[in-house]
Amino acid sequence: MKKKYTVDAVIPLFNAEKFIEETILSCLNQEYPIDRIIIVDDMSTDNSIEVIENLQKRYQNITLIKSDKKLYTAGARNRGILESNAEILLIIDADDIALPPKVSSCIDYFDDYNVAMVYSDYSSFNLEVGTDIREWKSHFSYGDIINEFVCSTQPLVRKSHIIDVDTYDDFLILEDFDLAIKLSEKYKIIHHPESLFRYRVHSSQKTQAEKFGVTDDEQKLAKVKARLAINDPYYRKKTINVP
């Protein structure tokens, strides 16, 4: 496949020794080749580093960054984003799987320079209980995003635009939510109606909020505050026209 854009994958990592190899291989097996896979380790205490270093012996385009301080998910993503020189970034967690057409199905949307983010449908699966459920998302609109995270998982983003809005907020509970709102204020966010990745559900995963020790009530309060931001001119209601 002829490449229009350079594409890197950015993977924040913490204690994912059971899953990280499958995630990396899913990036390597893309129909639209990924130039570099940037993994930012957030002080893992399991054998994740050893797994990645073994893969580096076989694949030259895997970059491992070992943080010497705790970054958490948003901070690790930001470190990887700044490390990359690619035009387009696939933001993927260390326990998820990108299906082979993930990048190739979405890349043409970036021919419109105003497009900052492209997200797709997906399936969530839990091998511990044997479930595999198709998740349909909707076309992006500001009204939808304040009701649910319509585009928070495994998006493709244009690096220049995510830098322009100051990337992820390192210490925000709902950092994905916040990023989408910031991007929608200046650029287009596109939904591609095809299931293109698998989101793993398992007992050891933690959200950014849980890593910070934030309670369920505090998470609910944070979401309410984010919704109330609609009254702020910076987060004024705005619907993006999509194909």
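Here goes a summary of the coordinates provided. Please read these numbers as outputs of a predicted model, since none were measured by experiment.

### A closer look at helix 2 (residues 48-56)
Then, number 1: Along helix 2, the positions that sit buried rather than exposed are Ser48, Ile49, Val51, Ile52 and Leu55. The buried residues of helix 2 occupy an angular sector of 160 degrees when projected down its axis, which confines them to one face.
Then, number 2: On the buried face of helix 2, the contacting elements are strand 1 (7-13), helix 1 (20-28), strand 2 (36-41) and strand 3 (62-66).

### Section: unusual backbone geometry
Then, number 1: Positive phi values are uncommon outside glycine, yet Met43 reaches one of about 65 degrees.
Then, number 2: The class of Met43 is partly exposed, set by a relative accessible area of 37%.
Then, number 3: Phi at Asp166 takes a positive value of approximately 70 degrees, unusual for a residue other than glycine.
Then, number 4: For Asp166, the location among the structural elements is in the loop between helix 5 (159-164) and helix 6 (175-186).

### Overview of the packing of helix 1 against helix 2
Then, number 1: In the contact formed by helix 1 and helix 2, the axes pass within 10 Å of each other and the chain directions differ by 35 degrees. The two elements helix 1 and helix 2 meet at a crossing, and its hand is right-handed. Judged by residue contacts, Ile20, Glu21 and Ile24 of helix 1 engage Val51, Ile52 and Leu55 from helix 2.

### Quick look at the packing of aromatic side chains
Then, number 1: This model, assessed by the stated rule, comprises 1 aromatic pair.
Then, number 2: Centroid distance Tyr122 to Phe197: 4.9 Å. Interplanar angle 20 degrees. Geometry classified as stacked. Placement of Tyr122 in strand 6 (residues 115-126) and of Phe197 in strand 9 (residues 188-200) is noted, with a sequence separation of 75 residues between them. Comparing Tyr122 with Phe197 shows no difference in burial state: the two are buried.
Then, number 3: Here Lys70 stacks its cationic end above the ring of Phe14, 3.6 Å away from the centre of that ring.

### Some details on the pairing of strand 3
Then, number 1: When you tally the buried positions in strand 3, you get 4 out of 5 residues, the bulk of the element.
Then, number 2: Bridge count for strand 2 against strand 3 is 5 bridges, and the pairing is parallel. Residue pairing for strand 3: Val40 is matched across the bridge by Ile65.
Then, number 3: The parallel pair strand 2 and strand 3, bridged by helix 2, forms a crossover whose chirality is right-handed.

### A word on the nonpolar core
Then, number 1: Ile11, Ile20, Ile24, Ile39 and Leu90 are the most contacted members of the largest nonpolar core, which has 33 residues in total.
Then, number 2: If you list the elements that add at least two residues to this core, you get strand 1, helix 1, strand 2, helix 2, strand 3, strand 4 (88-91), strand 6 and strand 9.
Then, number 3: Grouped together as the second largest cluster of nonpolar side chains are 18 residues, Leu89, Ile91, Leu179 and Leu183 included.

### A few points about the pattern of salt bridges
Then, number 1: Applying the stated rule across the entire model yields 11 salt bridges.
Then, number 2: Two residues, Glu83 and Arg36, come together in a salt bridge whose shortest N-O distance is 3.2 Å. With Glu83 in helix 3 (residues 72-83) and Arg36 in strand 2, this pair connects stretches of sequence that are 47 residues apart.
Then, number 3: Residues joined in a network through salt bridges with shared partners are Lys4, Asp108 and Asp111.

### Considering the environment of Lys4
Then, number 1: Relative to the helices and strands, Lys4 is located in the segment before strand 1.
Then, number 2: On the accessibility criterion, Lys4 (45% relative accessible area) is partly exposed.
Then, number 3: C-alpha separation for the pair Lys4 and Glu87, spaced 83 residues apart in sequence, amounts to 9.8 Å.
Then, number 4: Once you skip the residues sitting within four places of it in the chain, Lys4 turns out to touch Tyr32, Glu87, Asp108 and Asp111.
Then, number 5: Here Asp111 takes part through its side chain, which lies 2.7 Å from a polar atom of the side chain of Lys4.

Definitions and cut-offs
- Residues numbered from 1 in each chain as written.
- Predicted model: local features only at pLDDT ≥ 70, side-chain atom pairs only at ≥ 80, totals over all residues.
- Heavy atoms only, no water.
- Buried < 20%, exposed > 50% of the residue type's maximum accessible area, 1.4 Å probe, protein only.
- Helix = DSSP H or I, 4+ residues; strand = E, 2+ residues; numbered from the N terminus.
- Arc of directions from axis to C-beta.
- Contact = heavy atoms within 4.5 Å.
- Axes fitted to C-alpha atoms, helices over the stretch in contact; angles between N-to-C directions.
- Left-handed = near helix turned anticlockwise from the far one by under 90°.
- Phe/Tyr/Trp six-rings, centres within 6.5 Å; stacked < 30°, edge-to-face > 60°.
- Lys NZ or Arg CZ within 6 Å of the ring centre and 35° of its normal.
- Pairing = 2+ DSSP bridges.
- Right-handed = clockwise from strand over helix to strand, strands pointing away.
- Core = buried A, V, L, I, M, F, W, Y, C linked by side-chain atoms within 4.5 Å.
- Salt bridge = Lys/Arg side-chain N within 4 Å of Asp/Glu carboxyl O.
- Polar contact = N/O pair within 3.5 Å; in protein donor to acceptor, adjacent residues only side chain to side chain.

So, to be careful, I would describe these as geometric facts and stop short of saying anything about function.
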